[in-house]
Amino acid sequence: MGSNRLSFSIQADPPARLDKAISRDAPEEASLSRTRLAKLIDAGEVLLNGTPVISAKGKVAEGDLIEVTVPAPIESDLTPEDIPLSIVFEDDDLIVIDKPAGMVVHPAPGSPTGTLVNALMHHCGDTLSGVGGEKRPGIVHRIDKDTSGLLVVAKSDKAHHGLADQFRAHSAERYYQAVCYGVPDANDPRLRGVRGINFEPGNIMKVTTHLARHKTDRQKQAVFFEGGRHAVTRVRIVEPFGTPPVVTLVECWLETGRTHQIRVHMAHAGHGLVGDPTYGGRRKLPAKSISEAGIAAAKAFSRQALHAAVLGFVHPVTGESMRFESPLPQDMQDLITALRG
């Protein structure tokens, strides 16, 4: 496939910056994001009235002629793999996947194959129109390898940047279900003494901290109150288990989306997730409070009990509001059944 040449005129009342004006007035099917335009300008592929543009910040006027040469997307060096996917929604611009626990999202050292991206390269094939000039899926958010549930992936450059803008602005809706030790209740006097934790109406626990890499274990994240990145998680009790309660099904939602955010924040609150090998620990549940089956199920649960249950966003191309829900996977259902005793 050869390069695509676009020719169009700047319409009335153009934005002050050239890249914004081009992005506004370029044919919609071109899907030219400002980031992609910046690369094309740097490569000398954008002409203003026949002269190569040298700065994305330049001025334009109504009626100016813009010519853009868009090279065909280059083939990615990512390896397509025929791995089954649970597809919740798909169109020309994006795909929503219900990821199983155990699958890594993106190839990395130690996980070069068998990832969601490898599976998407095979599934999407020629329907990938190019992200950043390369035929590859556009990852705008991730969930941990051993967390299950929903995530959206872009298939076009325009969708990639539109989705990324929403996640950057924290406007995407993301709700998780998790099983944690203890009960994150406003009536617990211990929680009133934990820095960064307060309660909102409805017994909603709000955790506000900064997160950054752990000082000694670079594979972990840690809570800080200076430096790092601002992070906010809210937590609502759904169902406590035991008499008195010692384990709880909770709903968590993100105001920000940082690496391991829910897992770190729940551990900071003293309510680490059942099965979490990094942050949750292995707690001994009291036999007087919960059944033997519940104790055994919690002890044997082999991953963090965390599921991305709800995902909502505005479609970056059509403008349609979209919301998807995923039921708890079987292993978490079995855990909850055992905890109910």
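In the block above lies the structure referred to throughout.
Just so you know, these numbers come straight off a predicted model, no measurement behind them. (Residues numbered from 1 in each chain as written. Predicted model: local features only at pLDDT ≥ 70, side-chain atom pairs only at ≥ 80, totals over all residues. Heavy atoms only, no water.)

1. So, the sheet that holds strand 1 (residues 4–9)
Piece 1. One open sheet accounts for four strands, arranged 1-4-2-3; its pairing is antiparallel. Strands with a single pairing partner mark the edges of an open sheet, and in this sheet they are strand 1 and strand 3 (51–52).
Piece 2. Sitting on the sheet, helix 2 (residues 34–42) touches strand 2 (46–48) and strand 4 (65–70), and the angle it makes with strand 4 is about 90 degrees. (Pairing = 2+ DSSP bridges. Helix = DSSP H or I, 4+ residues; strand = E, 2+ residues; numbered from the N terminus. Contact = heavy atoms within 4.5 Å. Axes fitted to C-alpha atoms, helices over the stretch in contact; angles between N-to-C directions.)

2. A few points about the pairing of strand 6 (residues 87–90)
Piece 1. As paired elements, strand 6 and strand 7 (residues 94–99) share three bridges and run antiparallel to each other. Opposite glutamate 90, over in strand 7, you have isoleucine 95 as the bridge partner.
Piece 2. With antiparallel pairing between neighbouring strands as the criterion, strand 6 and strand 7 make up a hairpin whose turn holds three residues.

3. As for the packing of aromatic side chains
Piece 1. With the rule as written, the count across this model stands at three aromatic pairs.
Piece 2. On the numbers, 5.4 Å between centres and 35 degrees between planes, the contact of tyrosine 175 with tryptophan 253 is tilted. Of this pair, tyrosine 175 sits in strand 11 (residues 173–181) while tryptophan 253 sits in strand 16 (residues 247–254), placing them 78 residues apart in sequence.
Piece 3. Judged by centre distance (6.1 Å) and plane angle (35 degrees), the rings of phenylalanine 313 and phenylalanine 324 are tilted. Placement of phenylalanine 313 in strand 17 (residues 306–314) and of phenylalanine 324 in strand 18 (residues 321–325) is noted, with a sequence separation of eleven residues between them.
Piece 4. According to the relative accessible area criterion, phenylalanine 324 is buried, its value standing at 11%. (Phe/Tyr/Trp six-rings, centres within 6.5 Å; stacked < 30°, edge-to-face > 60°. Buried < 20%, exposed > 50% of the residue type's maximum accessible area, 1.4 Å probe, protein only.)

4. Focus: helix 6 (residues 292–300)
Piece 1. Taken together, the buried positions of helix 6 are occupied by Gly294, Ala297 and Ala298. The buried residues of helix 6 occupy an angular sector of 95 degrees when the element is viewed end-on, so they sit on one face. Along helix 6, the residues that are exposed and aim more than 90 degrees away from the buried face are Glu292, Lys299 and Ala300. (Arc of directions from axis to C-beta.)

Geometric values such as these leave the question of function open.
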